[in-house]
Amino acid sequence: MYLWGVRMTSLFIAVPCYNEEEVLPDSAKKLFDKMQTMISKGQISPLSRIVFIDDGSKDKTWEIISKLHRSHSIFRGIKLSRNRGHQNALMCGLMTLKDEADAVISIDADLQDDINTFDEMVKKYEEGCDVVYGVRSKRETDTFFKRVTAEGYYKVLEGMGAKVIFNHADFRLMSRRALQAFSEFKETNRHGADGRLQERDRRV
């Protein structure tokens with residue numbers, strides 16, 4: 001998007017949700033404040049959006065998403081017809097948004113990753129990076145079990161010869177070009193995602 005002759009990045013935030021009614025109002029406020037700050041500084045386009053993907057939640061998650069959408073146009077929602085799993089919900093969101101945004105940042109609904117790094121991620125994108133990983137320097141909020149199993153998981157993958165970014169989880173920016181290229185892969189057993197998923201039954 002161009003504003004007063006200046007090219008501005010249209011940034012979408014993709015947030016997979018499953019039974020997130022307890023954390024969603026607070027997370028939505030933090031994301032809203034962050035995005036509005038970036039918009040006011042001219043870092044991103046006013047057409048940037050926060051998109052929640054409801055993975056068949058059984059609580060009031062979709063009700064909250066719908067209410068957020070009614071409160072401000074920056075909020076949008078995608079509701080899957082049933083629970084498909086976190087990675088599949090994320091994939092559906094990314095594939096839905098790939099034609100709309102210049103870049104998409106994916107982040108978990110509990111915001112354990114630092115949203116203040118959005119600025120740097122967008123900067124790297126504008127410098128020409130198609131994929132920008134957000135890597136956790138520490139896992140202090142994780143339980144001992146989760147921390148140990150996560151570290152073991154990455155080590156096993158490395159031992160098998162896989163090229164992985166340690167501690168990056170699902171927190172990353174992908175450009176439209178990267179998402180378009182990603183959509184061309186037809187494998188159904190991708191690492192962390194099922195390429196066949198396109199199902200959704202409602203959007204706001």
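See the structure printed just above.
Residues numbered from 1 in each chain as written. Predicted model: local features only at pLDDT ≥ 70, side-chain atom pairs only at ≥ 80, totals over all residues. Heavy atoms only, no water.

Quick look at the overall build of the protein now. The helix and strand tally for the protein stands at 6 helices and 9 strands. The burial tally for the protein puts 46% of its 204 residues in the buried class. At a minimum sequence separation of 6, the contacts of the protein that also span at least 24 residues come to 79%. For the protein, the exposed area adds up to about 11,000 Å²; of that, 52% sits on carbon and sulfur atoms. (Helix = DSSP H or I, 4+ residues; strand = E, 2+ residues; numbered from the N terminus. Buried < 20%, exposed > 50% of the residue type's maximum accessible area, 1.4 Å probe, protein only. Contact = heavy atoms within 4.5 Å. Areas by Shrake-Rupley, 256 points an atom, 1.4 Å probe, with all protein chains shown as cover.)

With that settled, the discussion passes to the environment of Thr9. Along the polypeptide, Thr9 turns up in the loop between strand E2 (6–7) and strand E3 (11–17). Assessed through its relative accessible area of 4%, Thr9 is described here as buried. Note: C-alpha distance between Thr9 and Gly42 (33 residues apart in sequence) is 9.2 Å. In this structure, Thr9 is in contact with Gln43, Ile44, Ser45, Ser48, Asp102, Val122, Tyr125 and Glu126, ignoring residues within four places of it in sequence.

All right, on to helix H3 (residues 86–97) then. For H3, built from 12 residues, the straight-helix expectation of 16 Å at 1.5 Å per residue is met to within 8% by its first-to-last C-alpha distance of 17 Å. Counting buried residues along H3, 10 of its 12 residues qualify, which places the element largely inside the surrounding structure. Restricting attention to buried positions, one finds in H3 the residues Asn88, Ala89, Leu90, Met91, Cys92, Gly93, Leu94, Met95, Thr96 and Leu97. (Expected span 1.5 Å × (residues − 1).)

Under the counting rule described, the total for this entry stands at 10 salt bridges. In this structure, Glu100 engages Arg76 in a salt bridge whose closest nitrogen and oxygen atoms are separated by 2.8 Å. Here Glu100, found in the loop between H3 and strand E6 (103–106), pairs with Arg76, found in strand E5 (residues 75–79); they are 24 residues apart in sequence, far enough to count as distant. Arg176 is the partner of Asp102 in a salt bridge, and the nearest nitrogen-oxygen pair spans 3.9 Å. Here the residue Asp102 occupies a position in the loop between H3 and E6, and Arg176 occupies one in helix H6 (residues 176–183), the gap between them amounting to 74 residues. Given the relative accessible area of 8%, Asp102 is considered buried. On the basis of relative accessibility, which here comes to 31%, the residue Arg176 falls in the partly exposed class. (Salt bridge = Lys/Arg side-chain N within 4 Å of Asp/Glu carboxyl O.)

Right, let's talk about helix H1 (residues 24–40) for a bit. The end-to-end C-alpha distance of H1 is 24 Å, a good match for the 24 Å that 17 residues give at a rise of 1.5 Å each. As for H1, its buried residues are in contact with E3, strand E4 (49–54), helix H2 (61–71), E5 and helix H4 (118–126).

Below, the discussion takes up the packing of aromatic side chains. Applying the stated criterion to the full structure yields 3 aromatic pairs. Relative to Phe75, the ring of Phe32 has its centre 5.9 Å away and its plane inclined at 25°; by these criteria the two rings are stacked. Here Phe32 is found in helix H1, whereas its partner Phe75 is found in strand E5, with 43 residues between them in sequence. With a centroid separation of 6.1 Å and an interplanar angle of 20°, the aromatic rings of Phe52 and Phe75 are classed as stacked. One end of the pair, Phe52, is in strand E4; the other, Phe75, is in strand E5, and 23 residues separate them in sequence. (Phe/Tyr/Trp six-rings, centres within 6.5 Å; stacked < 30°, edge-to-face > 60°.)

It is worth spelling out a nonpolar patch on the surface at this point. A cluster of nonpolar side chains, namely Val131, Tyr133 and Val135, defines an oily patch on the protein surface of about 250 Å² accessible area. Tracing the chain through its elements places Tyr133 in strand E7 (residues 131–133). (Patch = residues over 30% accessible without salt bridge, like charges linked within 9 Å, V, L, I, M, F, W, Y side chains within 5 Å.)

Read these as layout, nothing more, since geometry by itself doesn't imply function.
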